[in-house]
Amino acid sequence: EDIDTAARTVYGEARGESMAGMIAVAWVIRNRADKGGWWGDTLAGVCKHPFQFSCWNPDDPNSQIIKDLPVSFHAYRDAVWAVMQAIMETDKRADPTIGATHYHTASVNPKWAKGHAPCVIIGNHSFYRLP
């Protein structure tokens, strides 16, 4: 369930990005799970924590798309590969997000990002290390 949910999240959040962008989103999921606490301590728990990944929000059009995504779909397999790259890596220095726990696309300016500089930008996503 963890890998499937994380892959559906990566697909829902970053399917228009390069593989590097998909891997970066997978690292954010891992970083949150590694920190545990409020977000949860499993990949599925982190992904489905209310209003953390918009693709799981009930009113988001992506919600039904990711739920119905067939596991035989090539893009789903790419998302699984991205998740595996993040969770199987034993060296945290390989994290392209430099420990990010938050991100947003260039098309939005969320309140939580105000006053914070991204630690890295990958594709259309800005990544942040926030407490």
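Quick note: structure is the one above.
Not measured: the values here are computed from a predicted model.

Caption draft 1: Summary view of the overall build of the protein chain. Looking only at helices and strands, the protein chain features five helices and three strands. In terms of overall size, the protein chain behaves like a compact globule, its C-alpha atoms giving a radius of gyration of 13 Å where 131 residues would be expected to give roughly 14 Å. With the C-alpha coordinates of the protein chain rotated into their principal frame, the extents come out at 40 × 35 × 30 Å. Across the 131 residues of the protein chain, 47% fall into the buried class. Sequence-distant contacts in the protein chain: of pairs separated by 6 or more residues, those separated by 24 or more amount to 62%. One way to put it: in the protein chain the 13 positive side-chain charges average out to a point 5 Å from where the 14 negative ones average out.

Caption draft 2: Structural context of the packing of helix 1 (residues 2-14) against helix 5 (residues 74-88). Interaxial distance between helix 1 and helix 5 falls to 8 Å at its minimum, and their mutual angle equals 115°. Accordingly, the angle class assigned to the pair helix 1 and helix 5 is roughly perpendicular. Crossing of helix 1 against helix 5: the hand is right-handed. Only Ala75, Tyr76, Ala79, Val80, Ala82, Val83, Met84 and Ile87 of helix 5 make contact with helix 1, whose side of the interface consists of Ile3, Asp4, Ala6, Ala7, Arg8, Val10 and Tyr11. Residue composition of the contact of helix 1 with helix 5, grouped by class: 13 nonpolar, no polar and two charged.

What counts as what
- Residues numbered from 1 in each chain as written.
- Predicted model: local features only at pLDDT ≥ 70, side-chain atom pairs only at ≥ 80, totals over all residues.
- Heavy atoms only, no water.
- Helix = DSSP H or I, 4+ residues; strand = E, 2+ residues; numbered from the N terminus.
- Rg over C-alpha atoms; globule rule 2.2 N^0.38 Å.
- Buried < 20%, exposed > 50% of the residue type's maximum accessible area, 1.4 Å probe, protein only.
- Contact = heavy atoms within 4.5 Å.
- Lys, Arg positive; Asp, Glu negative; His and termini not counted.
- Charge placed at Lys NZ, Arg CZ, Asp CG, Glu CD.
- Axes fitted to C-alpha atoms, helices over the stretch in contact; angles between N-to-C directions.
- Parallel < 35°, antiparallel > 145°, perpendicular 65-115°, else oblique.
- Left-handed = near helix turned anticlockwise from the far one by under 90°.
- Nonpolar A, V, L, I, M, F, W, Y, C, P; charged D, E, K, R; others polar.

Distances and angles like these do not, on their own, reveal function.
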